[in-house]
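The chain contents come next:
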Amino acid sequence: MVTAARLKVLVAEDEAVSRLLLTSTLTRFGYDVVAVEDGARAWEVLQGPQAPALAVLDWSMPGLDGPDICERIRARKGGSYTYVLLVTARSSKSDLVAGLSAGADDFISKPVDPDEIRARLRVGERVLRLEQSLAEQIHKLQEEKAHVQELQGMIPICMHCKRIRGQEQIWERVETYIEQRSGAKFSHALCQDCLEKHYPEDEPG
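Residues numbered from 1 in each chain as written. Predicted model: local features only at pLDDT ≥ 70, side-chain atom pairs only at ≥ 80, totals over all residues. Heavy atoms only, no water.

Asks: Tell me about the environment of Arg6, and please be specific about residues and values.
Replies: Take Arg6: it is sitting in the segment before strand 1 (8-12). On the basis of relative accessibility, which here comes to 53%, the residue Arg6 falls in the exposed class. Residues Arg6 and Thr27, spaced 21 residues apart in sequence, show a C-alpha to C-alpha distance of 9.6 Å. Aside from chain neighbours lying at most four places away, what touches Arg6 is Thr27, Gly30, Tyr31 and Asp32. (Helix = DSSP H or I, 4+ residues; strand = E, 2+ residues; numbered from the N terminus. Buried < 20%, exposed > 50% of the residue type's maximum accessible area, 1.4 Å probe, protein only. Contact = heavy atoms within 4.5 Å.)

See the structure below:
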């Protein structure tokens, strides 16, 4: 989840000096950096329970390279979105197409300019916030759909007190049941039949 707290960023770079410089730069910008030395370790971190939402991956690494990791990330089912920034000395159109096709969101050229990577990661943060907002709206719509389906289905109602049994197996007043599932609000009044039956003295003479 993307929050106002320090955002976690994965840095995968096999060259020690470059990895140290990237880590130092991103830490200075306020990120919580997880730095690893190869693609295999990067993929391991991305599968963990507290996986970073942003990933800065070197294109060329031993074992799994940057595009390999991108493909694995995009092949996953479910879970939060991971924004991937590929770091590369490549600049040909075919390389850029290959990286985008593998699932990269953006590129940054070596040597990495601090201001540029900060700006590109901020773009990633905006994308992640939008993704999170969309996921929350979808979840809300799914809950509302479930409530509508419940109201449209067979509803158990007590033949004496007229309470309704919900999916939680709890008996509720009709008003409570409908208000919680539809947004409707009830105001109490008396129909003409009940007025005559229960309050005959209030009938006009």
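Asks: How would you summarise the pattern of salt bridges if you had to cite specific residues and measurements?
Replies: What the rule picks out here adds up to 8 salt bridges. Glu44 is the salt-bridge partner of Arg41, the closest N and O atoms lying 2.7 Å from each other. You can see Arg41 and its partner Glu44 sitting in helix 2 (residues 39-46), 3 residues apart, about one turn around the helix. Look at Arg41 and you get partly exposed, because its relative accessible area is 34%. One salt bridge in this structure joins Asp105 and Arg74, with 2.8 Å as the shortest N-O distance. On the criterion of sequence distance, the pair formed by Asp105 in the loop between helix 4 (93-102) and strand 5 (106-109) and Arg74 in helix 3 (residues 66-75) is long-range, its members being 31 residues apart. (Salt bridge = Lys/Arg side-chain N within 4 Å of Asp/Glu carboxyl O.)

Asks: Explain the packing of helix 2 against helix 3 to me, and be specific about the residues and the numbers.
Replies: As a packed pair, helix 2 and helix 3 sit with axes 10 Å apart at the nearest point and diverge in direction by 20°. By the angle between their directions, the pair helix 2 and helix 3 is classed as roughly parallel. Crossing geometry of helix 2 relative to helix 3 is assigned as right-handed. Here Gly39, Ala42, Trp43 and Leu46 of helix 2 lie close against helix 3, whose contacting residues are Ile69, Arg72 and Ile73. Of the residues contributing to the contact of helix 2 with helix 3, the split by class is 5 nonpolar, 1 polar and 1 charged. (Axes fitted to C-alpha atoms, helices over the stretch in contact; angles between N-to-C directions. Parallel < 35°, antiparallel > 145°, perpendicular 65-115°, else oblique. Left-handed = near helix turned anticlockwise from the far one by under 90°. Nonpolar A, V, L, I, M, F, W, Y, C, P; charged D, E, K, R; others polar.)

Asks: Could you give an account of the environment of Ala51, with specific residues and numbers?
Replies: Here Ala51 lies in the loop between helix 2 and strand 3 (54-58). The sequence separation of Ala51 and Ser80 amounts to 29 residues, and the corresponding C-alpha distance is 9.5 Å. The contacts of Ala51, once residues within four sequence positions are left out, are Val45 and Leu46.

On their own, these measurements won't tell you what the molecule is for.
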